[in-house]
Amino acid sequence: PFTAFELAFRGGDRSILTTPDRCGAARSVATLAPNSGGAAATSQSLFMVDLDGAGTPCPDPLPFTPGIGVSVRPSTAGAFATATTTVTRPERTQRLSGMRVSFPAGLVGGLGGGIGLCELERARAGACPADSRVGTAELVAGPGPRPLRIAGRVFLTAPLDGALAGLAIVVPGRVGPFDLGTTVSLAKIVVRPDDQGLDVVAAGLPQVVGGIPLGLREIRLTLDRDGFMRNATSCADRPVAAAFTSALGAGAAATAPYRATACDRVRFAPRLAGAVATRAQLAKGAHPTVTALVTQRAGEINARTVTVTLPKAIGVDVANLNRSCAEGEDCGTRNVVGTATAVTPQGRVVNTFEGIPDVPLSRFALTIDGGEDGILLNTRRLRCGERLAGDAAFTGHSGAGHR
């Protein structure tokens, strides 16, 4: 028999206990089981939680002010780089539940270079193969000046919920002598349709691990796999934007600066080649099938606009052009989209492509169909093997020009 039992936990920076993250009454419940085997008894106790331990009330609602930082090394335009994204949450603010990080157009990741895709079943089990590793993760959790730091790894996964691909953030839960199990957080990689930039979307970030509130204060993801991340080829300021949600449903936004450098020292020399498809289409007045091929070397500035001028011997069949669809009309396969066609004062056909995303294009082919309904027309007889001169003018995302 005993009349009192006291269990005391040490306080201070190394305490294993924390107070709740909300102000108000905090309730403790004890369940006492008797040796007789009878019904258990319960007892409750309350203490009040405030902002500073001196009675100051907490703000209502708690603030939610996460931040984001981005570091890319090297920052040279078009170069493969190591990209580090750091999300921070101040202490005693609402806890982070989800986020969408929107990288600027041109700062993209590649799926080639021998990088594997981890199947989702293996990703959820924390068992991704080594060839799918694309980076590292560091989580900072817990209150006070001595928070817990846990290191993990980041893997590229198969498409998640219809996205282009995914990321699996795998963090082992080893804390001193305790093993709380491996925590896996999945994020989607989504391609924005307007500029082909990438969004990384993570929802349902872990709040409790092994019965312990996590209280994430920092998430640092470093994507360092060779050949995975590539810099933009525009050296304009292009911030990284982030949208966050809290565990209490609040929303917040933040931005981080990003700018590629040395655009003037990166090569921009695209090339143009072309061909008329068949011998039967060489006669004067025939409708030729024409293919224009633009190529670039790896590592060059990406093209923003391309203007292709066809040879003088190939013009426009105005009658066929007038049979094109009116704006807004559904004409099925007769409708032409994605190009702008005009006749210059010199009578040469010009095709202009504007707003090309800041992504590498090593080869781009444009084919204009010939035949009875073709919009192109030979202005004279063409000879088999004859070399016709076409022109191309290029503008890169850095502002550089090339002909």
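Here is what the cut-offs are and how they apply
Numbers given to residues run from 1 along each chain, matching the order in which its sequence is written. Note on the predicted model: pLDDT of at least 70 is required for a residue's local features to be given, and 80 or more for side-chain atom pairs to be given and counted; whole-chain, interface and lining totals, by contrast, use all residues. The basis for the side-chain values is all heavy atoms of the structure; hydrogens and waters are excluded. Labels follow the DSSP assignment, with helices taken as runs of H or I lasting at least four residues and strands as runs of E lasting at least two, numbered in each case from the N terminus. When we talk radius of gyration, it's over C-alpha atoms, and the globule rule is simply 2.2 Å times the number of residues to the 0.38. Burial here depends on accessible area, computed with a 1.4 Å probe over protein chains only, as a share of the maximum for the residue type. Under 20% is buried, over 50% is exposed, and the range in between is partly exposed. It only takes one pair of heavy atoms within 4.5 Å for two residues to be counted as in contact. Per-residue accessibility takes into account occlusion by the displayed protein chains alone, with areas from the Shrake-Rupley method and a 1.4 Å probe. Asp and Glu count as negative and Lys and Arg as positive, but His and the ends of the chain are not part of the count. Just so you know, the charge point we use is NZ for Lys, CZ for Arg, CG for Asp and CD for Glu. The predictor attaches a confidence to each residue, called pLDDT, with possible values from 0 through 100. Paired strands, in this sense, are two strands between which DSSP finds at least two bridges. Helix axes are fitted only over the stretch in contact, all axes being lines through C-alpha atoms; the angle between N-to-C directions runs from 0 to 180 degrees. Cysteine sulfur atoms are paired as a disulfide whenever they come within 2.5 Å of each other. A patch consists of residues exposed above 30% relative accessible area that lack any salt bridge, with like charges linked at up to 9 Å and nonpolar side chains (Val, Leu, Ile, Met, Phe, Trp, Tyr) linked at up to 5 Å. Salt bridges are defined by distance alone: a side-chain nitrogen of Lys or Arg within 4 Å of a carboxyl oxygen of Asp or Glu.

Thoughts on the overall build of the protein
Within the protein, the secondary structure is distributed over 2 helices and 27 strands. Against the 2.2 N^0.38 benchmark of 22 Å for 403 residues, the protein shows a C-alpha radius of gyration of 31 Å, more extended than a compact globule. Overall, the C-alpha framework of the protein stretches about 115 × 45 × 40 Å when taken along its three principal axes. Out of the 403 residues in the protein, the part that is buried amounts to 39%. Look at the contacts in the protein between residues 6 or more apart in sequence, and 66% of them connect residues 24 or more apart. Approximately 23,000 Å² of the protein is accessible, and the part contributed by carbon and sulfur atoms is 53%. Both charge centroids of the protein, one from 41 positive and one from 33 negative side chains, sit 7 Å from each other.

Focus: the confidence of the model for the protein
Averaged over the protein, the pLDDT score is 85; the fraction of residues at 70 or greater is 91%. The spread of mean pLDDT over the elements of the protein runs between strand 22 (residues 340-343), the lowest at 31, and strand 17 (residues 251-256), the highest at 98. Predicted confidence for residues 336-345 stays below pLDDT 50, and this span has 15 contacts to residues more than four positions away or in other chains.

Some points on the sheet that holds strand 24 (residues 363-368)
Overall, antiparallel pairing links the 3 strands, which are arranged 18-19-24 in an open sheet. With partners counted over all chains shown, the strands left at the sheet margins are strand 18 (271-276) and strand 24, one partner each. Between one strand and the next, the sheet's axes are offset by a mean angle of 15°, whatever the strand orientation. Two strands pair when backbone bridges link them, and strand 18 and strand 19 (residues 290-295) are joined in this way by 6 bridges, in the antiparallel orientation. Paired with Leu272 across the two strands is Val294, which belongs to strand 19.

A few points about unusual backbone geometry
Residue Asp60 is joined to Pro61 through a cis peptide bond whose omega torsion reads 5°. Cis geometry is adopted by the peptide bond preceding Pro74, which originates at Arg73 and carries an omega value of -10°. You can see Pro74 is positioned in the loop between strand 3 (67-73) and strand 4 (80-88). Of note, Arg92 is a non-glycine position whose phi angle comes to about 55°, a positive value. Located in the positive-phi region is Gln196, a residue other than glycine, with phi close to 65°. Within the secondary structure, Gln196 sits in the loop between strand 10 (178-191) and strand 11 (198-202).

A short note on the environment of Asp13
Mapping Asp13 onto the fold places it in the segment before strand 1 (24-32). Classification of Asp13 as partly exposed rests on a relative accessible area of 48%. For Asp13 and Ser97, which are 84 residues apart along the polypeptide, the C-alpha to C-alpha distance reads 26 Å. Discounting residues that sit within four places of it in the chain, Asp13 has contacts with Pro145 and Arg146.

Thoughts on the state of the cysteines
As enumerated under the stated definition, the model contains 3 disulfides in all. A sulfur-sulfur separation of 2.1 Å characterises the disulfide bridge that pairs Cys118 with Cys128. Its torsion about the S-S bond being -85°, the disulfide of Cys118 and Cys128 is classed as left-handed. Of this pair, Cys118 sits in the loop between strand 6 (108-109) and helix 1 (120-124) while Cys128 is found in the loop between helix 1 and strand 7 (133-141), placing the two residues 10 residues apart along the sequence. Just as Cys118 is buried, Cys128 falls in that class too. Here Cys235 pairs with Cys263 through a disulfide, and the sulfurs are 2.0 Å apart. Its S-S torsion of about 100° marks the bond between Cys235 and Cys263 as right-handed, since a negative value means left-handed. Of this pair, Cys235 sits in the loop between strand 15 (229-230) and strand 16 (240-246) while Cys263 sits in the loop between strand 17 and strand 18, placing them 28 residues apart in sequence.

Considering the pairing of strand 4
When strand 3 meets strand 4, the two strands line up antiparallel, connected through 7 bridges. The partner of Arg73 across the bridge, within strand 4, is Thr82. The hairpin formed by strand 3 and strand 4 contains 6 residues between the paired strands, and Gly78 there has a positive phi angle of roughly 75°. Pairing geometry for strand 4 and strand 15, over 2 bridges, is antiparallel. Among the inter-strand pairings, Phe80 is bridged to a residue of strand 15, identified as Arg230. The pairing of strand 4 with strand 14 (residues 216-223) spans 6 bridges and is antiparallel. From the neighbouring strand, Val87 faces strand 14, where its bridge partner is Ile219.

Things to note about a nonpolar patch on the surface
Together, Phe2, Phe5, Leu7, Phe9, Ile16 and Leu17 make up an exposed nonpolar region whose accessible area comes to about 780 Å². Secondary-structure assignment places Phe2 in the segment before strand 1. For Phe2, a relative accessible area of 64% corresponds to the exposed category.

With respect to the pattern of salt bridges
Tallying each qualifying case throughout the model produces 11 salt bridges. Among the ionic pairs, Asp199 bridges to Arg192, the shortest N-O distance being 2.6 Å. Summarising the burial analysis for this pair, Asp199 and Arg192 share the class buried. For the salt bridge of Arg383 with Glu386, the shortest nitrogen-to-oxygen distance reads 3.8 Å. Classification of Arg383 as exposed rests on a relative accessible area of 55%. Within the structure, one salt-bridge network assembled from shared partners comprises Arg100, Arg192, Asp195 and Asp199.

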